Amino acid sequence: GNGPSGICLSYLLSGYTPYFKRHSLHPHPILQRKLEEAPEVSVLDQDLEYLSEGLEGRSHSPVALLFDTLQRPDTDFGGTAESVLTWWHEPDRAIPHLVLGRNAPGGAWHSIEGSMVTLSRGEWMGLPDLPFKEWLKQKRRGLKNNRATAEDIAQYYQHYVMKKGLQKNFRCGTVVTSVRKVSAESISNHTQKDLQEDSDSLWNSNEQSAEVFKVDGFFKTVEGDKEPFSICAENVVLATGTYDNPTWLGVKGENLSYVHHQLSALEEAVKNNSVGIMTDPVLIVGAGLTAADAILFAHHCNIPVIHVFRRRVTDPGLIFNQLPKTMYPEYHKVHQMMKEQTAACAGPYEHYISLPEHHVLSFGKDKKCIFQDKNGCQKAYKVSMALVLTGSNPNLSFLPNDGIDLALDSDQPVNPKRNPIDVDPFTYECTQEKGLYALGPLAGDNFVRFVQGGALAVASSLLKKANKNPP
């Protein structure tokens, strides 16, 4: 995967090494004292468990909190203190690697409607040693409400790869179809004729019993052909995110042509004039941020909406109840609409009805949808199109058993929020499969600012394995 997790890891594996910046002051006194103990030793070579002990914040990962607070020391308190890290390029410590991705560097950020504003503050979207704000300034643009558009971010990630000279490690337009562990011997016999007699080769006689990962897939050429490839690697990092498979409700009629699972379907329908102020309402199912984006978009285009969701409006688990009002005025407005405009009582907003604590029973061929409330009462509405926006799941079809054996609960599919891949918190290596690592949403880190600590943990672990650590 070549999203923010993959890009950040590539930077760290390319010999870019973080040190504590002498004479800088971190607002966390205990961390400051620990950092002063060995300023000449890079953070990659220090004990990450020791450094991150006692840190608290908006992530469950100690290493994510550590790397975040080193780069943005007081950001959660609205501060703008400078990073306490300084970066040195030490090419002799680089580890050869390839970053495989379907699209341009930036991953799923290229698939999101470009004008969408991000949930996170703009400066939280940045990668090491190239502040997002600085880059935006060069484009002569400011941050609206401190937030950035998806298009800005996609461009920034591409710029980052070029600016840091990482492009030689990136292979875009690749699709991985299989990752399997095989014995090095079986490959060595297979490819002996292609390999040079090389004393440093992985296929040395003393390595005969070792196992490696065989990564198969294809490369999409400019002409649209698929060229197969096969790579062998001692370590593989899964950083494919969670944007691939939208969640289905699993109800009757969900596969009908007017039922969609992506926000882009609504944008298309508006472009084609197939929905509008005079058509039947659009049904939006879900109460997360994507559903909110769809409601805002429909509202902006004067399209009538019926909004169905399972939770109570006051449910503390609802994302709107966790966002500060001042920073997210538009999401606060959606939450307001959900509260005040239920089918039971007309409110001040035209073209919108909310049905809290309802779920969809079926989608009819005649575009009539049937819902049921918590008391078992049913209602039917005729709609022009339906958008089921209830989250997405990762696509790990290239792993044996879809990667289920790697998850915390190995009876259930991998899910970033409920059932991430089980990793060691200080190396991000899979507990069930040595040599395999997982980063980002797959390991339960769902925000760009917190995926970077995982990359630090993986880089630190791989450097130890490669023995490229200074004494």
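Just so you know, these numbers come straight off a predicted model, no measurement behind them.

1. A few points about the overall build of the protein
- A count of helical and extended segments in the protein gives 11 helices and 21 strands.
- Within the protein, buried positions represent 49% of all 471 residues.
- Long-range pairs, those at least 24 residues apart, make up 67% of the contacts in the protein with a sequence separation of at least 6.
- Surface accessibility of the protein: about 23300 Å² in total, with carbon and sulfur atoms responsible for 51%.

2. Some details on the sheet that holds strand S9 (residues 226-233)
- Read across the sheet, 3 strands follow the order S7-S8-S9 without closing on themselves; strand pairing throughout is antiparallel. Both outer strands of the open sheet, strand S7 (174-183) and S9, are each paired with one neighbouring strand and no more. Across the sheet, the mean angle from the axis of one strand to that of its neighbour is 20°, orientation sign disregarded.
- Summarising the sheet, strand S8 (residues 211-220) and S9 pair through 8 bridges and their orientation is antiparallel. The residue bridging Phe218 from the neighbouring strand is Pro228, located in S9.

3. Some remarks on the nonpolar core
- Tyr157, Leu238 and Ile421 are the most contacted members of the largest nonpolar core, which totals 77 residues.
- A per-element tally of this core places helix H11 (residues 448-466) first, with 9 residues.
- When sequence neighbours within four positions are dropped, the list of residues in contact with Ile421 reads Leu238, Leu396, Leu406, Ala407, Val414, Cys430, Ala438, Leu442 and Ala443.
- Judged by nonpolar contacts, the second largest core, of 29 residues, contains Leu263, Val305, Val313 and Met338.

4. Here's the deal with the packing of helix H1 (residues 4-13) against H11
- Remark: H1 packs on H11, axes separated minimally by 8 Å, with the N-to-C direction vectors making an angle of 40°. Classified by the angle between their axes, H1 and H11 sit oblique to one another. Here H1 and H11 pass one another in a crossing that is right-handed. Mapping the contact onto sequence places Pro4, Ser5, Cys8, Leu9, Leu12 and Leu13 in H1 and Val448, Val451, Gln452, Ala455, Leu456, Val458, Ala459 and Leu462 in H11.
- Residue composition of the contact of H1 with H11, by class: 12 nonpolar, 2 polar and no charged.

5. Side note on the environment of Ile404
- On the secondary structure map, Ile404 appears in the loop between strand S20 (392-393) and strand S21 (436-438).
- Considering only alpha carbons, one finds Ile404 and Asn419, 15 residues apart in sequence, at a separation of 9.5 Å.

6. Observations regarding the side chain of Ser10
- Position of Ser10 among the secondary structure elements: in helix H1.
- With sequence-adjacent residues up to four places away left out, Ser10 is seen in contact with His97, Val99, Leu166, Asn169 and Phe170.

7. Re the sheet that holds strand S15 (residues 352-355)
- Ordered by their spatial adjacency, 5 strands build an open sheet running S12-S19-S13-S14-S15, and the pairing between neighbours is parallel. With partners counted over all chains shown, the strands left at the sheet margins are strand S12 (259-260) and S15, one partner each.
- By the bridge criterion, 4 bridges tie strand S13 (residues 282-285) to strand S14 (residues 305-308) in an arrangement that is parallel. From the neighbouring strand, Ile284 faces S14, where its bridge partner is His307.

8. Here's the deal with the environment of Cys377
- Examined against the element boundaries, Cys377 turns out to sit in the loop between strand S17 (368-373) and strand S18 (378-382).
- Remark: the alpha-carbon pair of Cys377 and His358, spanning 19 residues in sequence, is separated by 9.4 Å.
- Apart from residues lying up to four places away in sequence, Cys377 is in contact with Phe371 and Gln372.

9. Observations regarding the packing of helix H8 (residues 264-271) against helix H9 (residues 289-300)
- The interhelical angle for the contact between H8 and H9, taken along N-to-C directions, is 15°, at an axis separation of 10 Å. Between H8 and H9, the angle falls in the class roughly parallel. In terms of crossing hand, the pair formed by H8 and H9 is right-handed. Counting all contacts with H8, which are made through Leu266, Glu267 and Val270, the residues of H9 involved are Ala294, Phe297 and Ala298.
- Looking at the contact of H8 with H9 residue by residue, the classes come out as 5 nonpolar, no polar and 1 charged.

10. Here's the deal with the pairing of S18
- In the sheet, S17 pairs with S18 via 5 bridges, with the strands oriented antiparallel. Across the sheet, the residue bridging to Gln372 is Gln378, located in S18.

11. Considering a negative patch on the surface
- A contiguous patch of negative charge, built from Asp47, Glu49, Glu53 and Asp424, is present on the exposed surface.
- Mapped onto the elements of the fold, Glu49 is located in helix H3 (residues 48-52).

12. Some words on the pattern of salt bridges
- Applying the stated criterion across every chain yields a total of 12 salt bridges.
- Glu90 serves as the salt-bridge partner of Arg93, at 3.6 Å between the closest nitrogen and oxygen.
- Where Arg311 meets Asp315, a salt bridge forms, and the shortest distance between an N and an O atom there is 3.3 Å.
- By relative accessible area, which is 40% here, Arg311 ends up partly exposed.
- In this structure Asp315 comes out as buried when scored by relative accessible area, which is 16%.
- The structure contains a network of salt bridges with shared partners spanning Asp45, Glu90 and Arg93.

Thresholds applied
Residues numbered from 1 in each chain as written. Predicted model: local features only at pLDDT ≥ 70, side-chain atom pairs only at ≥ 80, totals over all residues. Heavy atoms only, no water. Helix = DSSP H or I, 4+ residues; strand = E, 2+ residues; numbered from the N terminus. Buried < 20%, exposed > 50% of the residue type's maximum accessible area, 1.4 Å probe, protein only. Contact = heavy atoms within 4.5 Å. Areas by Shrake-Rupley, 256 points an atom, 1.4 Å probe, with all protein chains shown as cover. Pairing = 2+ DSSP bridges. Axes fitted to C-alpha atoms, helices over the stretch in contact; angles between N-to-C directions. Core = buried A, V, L, I, M, F, W, Y, C linked by side-chain atoms within 4.5 Å. Parallel < 35°, antiparallel > 145°, perpendicular 65-115°, else oblique. Left-handed = near helix turned anticlockwise from the far one by under 90°. Nonpolar A, V, L, I, M, F, W, Y, C, P; charged D, E, K, R; others polar. Patch = residues over 30% accessible without salt bridge, like charges linked within 9 Å, V, L, I, M, F, W, Y side chains within 5 Å. Salt bridge = Lys/Arg side-chain N within 4 Å of Asp/Glu carboxyl O. Lys, Arg positive; Asp, Glu negative; His and termini not counted. Charge placed at Lys NZ, Arg CZ, Asp CG, Glu CD.

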